[in-house]
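What the coordinates show
The residues making up each chain are set out below.
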Amino acid sequence: MISGKYGRRALLFGIGTTAGALALGSRIWNDATASLPSSTSSAPTASGSPSPAPDDPFRPVYHYTPASGNLADPNGLILHQGEYHLFHQQDGTWAHAVSPDMVHWRALDTALGHDALGLAMSGSCVVDGADTSGLVPGGGMVAVYTSTEGGEAQSLAYSTDRGRTWERFAHNPVIANDGRTDFRDPKVFWHEPSRAWVMVVCAGDHVEFHRSTDLLGWERAGDFGQGAGSHAAVWECPDLFPLTDAVTGETRWILTVSIGANGETGGSSAQYFVGDFDGSAFFPEDTAIRFTDAGQDFYAAQSFEHVEGRRVWLGWMSNWNYPYGLPTGDWHGEMSVPRELSLTSRDGGRVLLQNPVPELDALRGRAIDLSGTGVTDSTTDLGSGRVVDLDLVLDISGAEDVWLTLAAGRVDGRDQEVRVGVSSAAGVLYLDRTAGGVRTVQTEDGGTADFALRRETAYRPAGGRVHLHVLLDRSSLEVFVDDGAPAGTFLVLNDPDAQGIGLGARGSATILSGTLTPLVSAW
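Residues numbered from 1 in each chain as written. Predicted model: local features only at pLDDT ≥ 70, side-chain atom pairs only at ≥ 80, totals over all residues. Heavy atoms only, no water.

**Looking at the overall build of the protein chain**
Convention followed: To qualify as a helix, a DSSP run of H or I must reach at least 4 residues; to qualify as a strand, a run of E must reach at least 2; elements of each kind are numbered from the N terminus. Buried, partly exposed and exposed residues are distinguished by accessible area as a fraction of the type maximum, computed with a 1.4 Å probe on protein chains only: under 20%, between the cut-offs, and over 50%, respectively. The criterion used for residue contact is that any of the two residues' heavy atoms lie within 4.5 Å. Here, Shrake-Rupley sampling with a 1.4 Å probe gives the accessible areas, and only protein chains in the shown set may cover a residue.
Scanning the protein chain for helices and strands turns up one helix and 37 strands. Taken across its 523 residues, the protein chain has 61% of its residues classed as buried. For the protein chain, restricting intrachain contacts to residue pairs at least 6 apart in sequence, the fraction spanning at least 24 positions comes to 62%. When the accessible surface of the protein chain is split by element, carbon and sulfur atoms take 47% of a total near 18200 Å².

If you want it as C-alpha cells, here you go:
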C-alpha cells in the first residue's frame, strides 16, 4: 500500500529512513513463574513464562518484531539452502531476517533500501536455480518488488550469496507503470505445468496475471476480481498457491488478497477465493466473500515458497486504521506466528484451514491439565499468564454462551479482560476487547480510532463441542477453532499486570480435555 508522491504508505514511512534491526521477544527477558493472583492461589499455576520487561511490557516473546521502527507487510518469504528468509516492509525498505525453523529469527542487514526508483515496496522472492534470468550464474535469489518513482511499477533485485547482499537489475522496472494509481505487490512463482514464471499483482479492484520465461520480460495473461468477493477498498498483497482438499482429494488453487482500510469492514481485512489456475487465468468455484480472519489484526499474509509438501504463511498483526499508533514505544508492528494451511470441504463448500506450525512446540514449558474443569453461570479461574498456549476441547451443549477470559485483572479500580467466546444462542464465534483497558489509539493522520472492539463470525459447533486453541503473547491473541477454521487475530493492550485466565458460561460448560502451557522466549 502506498501514498502521496509514492502512494499511500509513503506518508507513513519517512523517506530516507534506514530500516532497523529486528528483535524477536525481548532483549532482557527473565524466566519467571506465571501464577494466579493471590486471591485465587488454589488454582493451578503455569511455570516458565517470561516476566514482562518494565521498559517494554508489550514486546512479544515468540512473535517477530522490529527492534525499532515501523514493521508492516511480510515480503519475499522463502526457504533457500536450509534457511527461512523473512523480509518485511520497514519505512519503505526490505528489512531481513533468517531462521532455521520459522521460530528463532536472526537479523541481517537491510536487503533493499531506497534507490533512484524510490521505495522498495512489497513483493516476493524466488530461487532462480536454472538462472533463467541470466542474473544469478549457478543459481540464486531474485526479489520482485514494487518501485515507486514515476508511479507504481515492478522491479527486480538479485543475490548470489544466500541473500546477504543484493544488486538492483540495471534495467528496472521490468513492468513499467502505464499511468494507473494502483499497481503493486507482485507475488511470483514457477508454474511447472506451463513451464513459466507467473506473477499475480494487484491493480486496484482486481489482480492481473503476467507470465515470463526469464523474470525480465513479462506478458500480461489475464485478470480476475471485478465483481467478485469484497470490494470495500483497494486490493493488495496477493498470493496464489495450490492445496489438496483433505476430503475430496482434489487440488484447488487459493487466491488471497488483502483489502485496505474502509468503514464497511471496520478497518483493513483480507479474503480468499478457491478455484483452478492454468498458468494464465483463475477460474473460481464461486465469487462469494470468504474472509481470512475473524478478528481485526491479520493483514498482507504471504506464504513461504520452496517449502516441500507444506504451505505456511504469516501475516502482519495490525490494521491500517492504526498501523503505527499503538503505545509500544519506539517499535510498532509484529508478525503472526507461522500458520500451516490446508483445505477441506465443509457444509457444501471449501474452507481454508490455518493452524500454528508444529515448530512452535519447541517453546512449550510444563503443561497443566485442565480436563474436567466445569463452570455453571459464572467464571472459574484456569490459571494466569500472558505468554501461554491454551488448548481446550469443551462441551458447551448446556450453555447459550461460553467464553475464555484472558489478560484479566483489576487495574486502577476497573476490571480488564479480553474474551474469546462462542454464543450458541446467536450462532457466532466472537473476539471481544471492549473491556481491554484501551478505548482508542492513534491513527496515521493524527486522529483516533476505536480499539475497544468486538468481532463476530458465523459459527455453530458440531455436536455441542468446540476445540479452542489460543496463543497469547503479551500484546497479541490468536485463536484457531476446531480443525483451523475460523481463525481470529487480535492485538491486546491490557495492562501488563492483567494476567488472569478463566472460563465463563451462561449455562454449563465442561473442559473435556485441555492444557494450559507456558511458552518460553524464542529470542
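**Some thoughts on the pairing of strand E28 (residues 387–411)**
Strand residues, when the strand is regular, have side chains that alternate between the two faces of the sheet. Let me state the cut-off plainly: Strand pairing is assigned whenever DSSP detects at least two bridges linking the two strands.
Where E28 lies against strand E34 (residues 465–473), nine bridges are found, and the strand directions are antiparallel. Note on E34: the bridge partner recorded for Asp389 is Leu471. Pairing of E28 with strand E37 (residues 500–518), which is carried by 16 bridges, proceeds in the antiparallel orientation. Within E37, the position partnered with Val388 by the bridge is Pro518. Looking at chain direction, E28 and strand E29 (residues 414–423) are connected through nine bridges and run antiparallel. Bridging from a neighbouring strand, Asp401 pairs with Ser423 of E29. Following E28, the chain reverses through two residues before pairing antiparallel with E29; Asp412 in that reversal takes a positive phi of roughly 55 degrees.

**As for the pairing of E29**
E29 sits mainly inside the fold: seven of its 10 residues count as buried. With five bridges joining them, E29 and strand E30 (residues 428–432) adopt antiparallel strand pairing. Residue pairing for E30: Val420 is matched across the bridge by Leu431.

**Re the nonpolar core**
The nonpolar side chains of a soluble globular protein tend to be buried, and buried together. Stated formally: Among buried residues, the Ala, Val, Leu, Ile, Met, Phe, Trp, Tyr and Cys ones that are joined through side-chain atoms within 4.5 Å form a nonpolar core.
Formed by 35 residues in total, the largest nonpolar core has its most connected members in Leu390, Leu404, Leu406 and Leu477. Of all the secondary structure elements, the ones that give two or more residues to this core are strand E27 (374–384), E28, E29, E30, E34, strand E35 (476–481) and E37. With 10 residues, the single largest contributor to this core is E28. The contacts of Leu477, once residues within four sequence positions are left out, are Leu406, Val418, Val420, Leu431, Val470, Leu471, Leu472, Gly488, Thr489, Phe490 and Val492.

**What about the state of the cysteines?**
Note on terminology: disulfide describes a covalent bond linking the sulfur atoms of two cysteines. Selection criterion: Any two cysteine sulfur atoms lying within 2.5 Å of each other are counted as a disulfide.
Summed over all chains, the structure comprises zero disulfides. Of the cysteine sulfurs around Cys237, a residue in no disulfide, the closest is that of Cys202, at 7.0 Å. According to the relative accessible area criterion, Cys237 is buried, its value standing at 3%.

**As for the sheet that holds strand E15 (residues 207–212)**
Our working definition: All axes here are fitted lines through C-alpha atoms, helices being fitted over the stretch that makes contact, and every angle between N-to-C directions spans 0 to 180 degrees.
If you trace the four strands from one edge of the open sheet to the other, you get E13-E14-E15-E16, paired in antiparallel fashion. Looking at the sheet topology across the chains shown, the edges are occupied by strand E13 (184–191) and strand E16 (219–224). Averaged over neighbouring strand pairs, the angle between their axes works out to 25 degrees when direction is ignored. As judged from the six bridges shared by strand E14 (residues 196–202) and E15, these two strands associate in the antiparallel manner. Bridge pairing links Trp197 to Ser212 in E15.

**A closer look at unusual backbone geometry**
For the peptide bond that leads from Asn172 to Pro173, omega is -5 degrees, which places it in the cis range. Secondary-structure assignment places Pro173 in the loop between strand E12 (167–168) and E13. With omega at 0 degrees, the peptide bond leading from Ala485 into Pro486 counts as cis. Following the sequence through the fold, Pro486 ends up in the loop between E35 and strand E36 (487–491). Phi is positive for Asp91, which is not a glycine, with a value near 60 degrees. As for its placement among the helices and strands, Asp91 is situated in the loop between strand E6 (83–90) and strand E7 (93–99).

**Observations regarding the sheet that holds E12**
Spatially, four strands are ordered E9-E10-E11-E12 in an open sheet, and the strand pairing comes out antiparallel. The strands lining the two open edges of the sheet, one partner per strand, are strand E9 (123–127) and E12.

**Looking at the packing of aromatic side chains**
To keep it simple, the criterion reads: Classification of ring pairs uses Phe, Tyr and Trp, with its six-membered ring standing for Trp, and accepts pairs whose centres are within 6.5 Å; under 30 degrees between planes counts as stacked, over 60 as edge-to-face, and the remaining range as tilted. The criterion for a charge sitting over a ring is simple: Lys NZ or Arg CZ within 6 Å of the ring centre, and within 35 degrees of the ring normal.
Under the definition given, this model contains 20 aromatic pairs. Plain terms: the ring middles of Phe87 and Trp94 are 5.2 Å apart, the flat faces sit at 50 degrees to each other, and that makes the pair tilted. Per residue, the accessibility class of Phe87 equals that of Trp94, and both read buried. A ring pair is formed by Phe209 and Phe277, whose centres lie 5.3 Å apart and whose planes are at 50 degrees; its orientation type is tilted. With Phe209 in strand E15 and Phe277 in strand E19 (residues 269–277), this pair connects stretches of sequence that are 68 residues apart. Comparing Phe209 with Phe277 shows no difference in burial state: the two are buried. Taken together, the aromatic side chains of Phe87, Trp94, Tyr145 and Trp166 make up a single cluster linked through ring pairs. When the ring centre of Phe451 is taken as origin, the NZ or CZ atom of Arg433, which lies over that ring, is 3.6 Å away. Looking at Arg433, its charged tip hangs above the ring of Phe490, at a distance of 4.4 Å from the centre.

**A closer look at the environment of Asp286**
Selection criterion: We define a polar contact as two N or O atoms separated by no more than 3.5 Å, with the added condition that, inside protein, one atom must be a possible hydrogen donor and the other a possible acceptor, whereas residues neighbouring each other in sequence contribute only through side-chain atom pairs.
Among the structural elements, Asp286 can be located in the loop between strand E20 (282–284) and strand E21 (299–303). In this structure Asp286 comes out as partly exposed when scored by relative accessible area, which is 28%. Apart from the residues within four sequence positions on either side, Asp286 is in contact with Phe273 and Val274. Within the structure, the side chain of Asp286 is placed 3.1 Å from the backbone nitrogen of Ala288, a separation counted as a polar contact. At a separation of 2.7 Å, a polar atom in the side chain of Asp286 contacts the side chain of Arg290.

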